[in-house]
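Chains, contacts and geometry: an overview
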Amino acid sequence: MSTSIRPSDYPDFEEPPVVETVLSVQFGPLTEMRTAHLGLLWEKYRPTFSKTEERPTLGQVFEQFPETPRTRLGLELQSYENPPVPRLWFITTKGNEMIQVQPDRFIKNWRKEGEGETYPRYERIRASFERDFKVFQEFVTKNQLGTPRINQCEVTYVNHILSGQGWDSFADVDKVFNVWKSPVDPIPGNAEDLRAHARFVIPADDGTPVGRLHAEIQPAFRASDNKAMYVFQLTARGQAGESFEFLDLGRKWIVKSFAALTTPQMHRVWKRKDYARS
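Structure report, in brief. Keep in mind it's a predicted model, so treat the numbers as computed, not measured.

**Some details on the overall build of the protein chain**
A count of helical and extended segments in the protein chain gives five helices and nine strands. The helix and strand sequence of the protein chain, counted from the amino end, reads β-α-β-β-β-β-α-β-α-β-β-β-α-α. Over its C-alpha atoms, taken along the principal directions, the protein chain stretches across nearly 65 × 45 × 45 Å. Out of the 278 residues belonging to the protein chain, those deemed buried represent 45%. Residue pairs at least 24 apart in sequence account for 71% of intrachain contacts in the protein chain once pairs closer than 6 positions are excluded. Summing over all exposed atoms, the protein chain offers an accessible surface of approximately 15500 Å²; the carbon and sulfur share of this is 51%. The averaged location of the 37 negative side-chain charges in the protein chain is 2 Å from the averaged location of its 37 positive side-chain charges.

**Description of the packing of aromatic side chains**
This structure, assessed with the given rule, holds 22 aromatic pairs. Ring geometry for Phe106 against Phe129: centres 5.8 Å apart, planes inclined by 70°, an arrangement best described as edge-to-face. With Phe106 in strand S5 (residues 105–111) and Phe129 in helix H2 (residues 122–142), the pair connects residues that are 23 residues apart, well separated along the chain. Judged by relative accessible area, which is 0%, Phe106 ranks as buried. The class for Phe129 is buried, based on a relative accessible area of 0%. When the centroid spacing of 5.1 Å and the interplanar angle of 35° are considered together, the rings of Phe258 and Trp270 count as tilted. Within this pair, whereas Phe258 is found in helix H4 (residues 246–261), its partner Trp270 is found in the segment after helix H5 (264–269), the two being separated by 12 residues in sequence. Note on Phe258: relative accessible area 7%, which makes it buried.

**Examining H2**
Look at H2: 30 Å from first C-alpha to last across 21 residues, which is about the 30 Å you get at 1.5 Å a residue. Packed against the buried residues of H2 are strand S1 (18–27), helix H1 (35–45), strand S4 (97–102), S5, strand S6 (150–162) and H4. Looking at the residues trailing H2, positive phi occurs at Gln144, about 55°.

**A few points about the sheet that holds S4**
In any sheet, the strands associate via hydrogen bonds between backbone groups, in a parallel or an antiparallel arrangement. Spatial ordering of the open sheet is given by S2-S3-S4-S5-S1-S6-S9-S8-S7, a layout of nine strands whose pairing is antiparallel. Each of the sheet's edge strands pairs with one partner strand only, and the pair in question is strand S2 (51–55) and strand S7 (196–203). Direction aside, the axes of adjacent strands within the sheet are offset by 15° on average. Where S1 lies against S6, nine bridges are found, and the strand directions are antiparallel. The residue of S6 that forms the bridge with Glu20 is Val158.

**Describing the pattern of salt bridges**
Per the counting criterion, the structure on display carries 21 salt bridges. A salt bridge links Lys108 to Asp132; the shortest N-O distance between them is 2.7 Å. Taken together, the positions of Lys108 in strand S5 and Asp132 in helix H2 put the pair 24 residues apart, joining distant regions of the chain. The buried category is assigned to Asp132, whose relative accessible area is 4%. Among the ionic contacts, a cluster of salt bridges with common partners joins Glu63, Glu67, Glu154, Arg199, Arg212 and Arg237.

The rules behind these values
Residues numbered from 1 in each chain as written. Predicted model: local features only at pLDDT ≥ 70, side-chain atom pairs only at ≥ 80, totals over all residues. Heavy atoms only, no water. Helix = DSSP H or I, 4+ residues; strand = E, 2+ residues; numbered from the N terminus. Buried < 20%, exposed > 50% of the residue type's maximum accessible area, 1.4 Å probe, protein only. Contact = heavy atoms within 4.5 Å. Areas by Shrake-Rupley, 256 points an atom, 1.4 Å probe, with all protein chains shown as cover. Lys, Arg positive; Asp, Glu negative; His and termini not counted. Charge placed at Lys NZ, Arg CZ, Asp CG, Glu CD. Phe/Tyr/Trp six-rings, centres within 6.5 Å; stacked < 30°, edge-to-face > 60°. Expected span 1.5 Å × (residues − 1). Pairing = 2+ DSSP bridges. Axes fitted to C-alpha atoms, helices over the stretch in contact; angles between N-to-C directions. Salt bridge = Lys/Arg side-chain N within 4 Å of Asp/Glu carboxyl O.

Written out as structure tokens, the structure is:
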């Protein structure tokens, strides 16, 4: 079970740039599940999640140690005794929370809707994930659809780092991220922007690798006003234990890595509160 109190050694910001948090568990496919079952499941969530949308299913993803060679590209033909069950979204009227369900995955999203909304913090999101996943487990058991045996957990934080707050143009990347230092020589000079994807191994207490942290940086423009921003996405994926214990470990790696990969200048913009403890 997760703690309801934020650990004191975690970086803490009054105004973090996070705009979306995703908690997800993947499990062995529930082969008896049909599209009709997802419609019945929606009735369980409908008082809060009043809207629904249909999406293609997500493929299963595993962090492997050691990694296997990539599968050779080619045409894969599949035949189905039954049509594939889609992924359904259950969305609140406001649109700031969403549940995604397919026969081998359960996902809970929080999304920032509007400038006035504040990030509700991981502890609250984690508690709501447990509550909603329990509803799913009870539904699966009642309808004799099998047992969701978790094989991977995933935590994702999406951050929109807006220009005009500590930096002005994409070339100011070294003011935002400390993983890049602009060259002093006129050739090549300052980078026009930065795109990056780095991976880090997440070990258990005994040093055994149990997952990976993926850190991705992309320049973009905010749709509402075309303001330049860097999208900084951190995803921790893996498995520790038989349930979703990895969620808390993944969150730890994300919040500490976010602080480690960004600059003190930006920490002041986001009003970091824990310098005395870190």
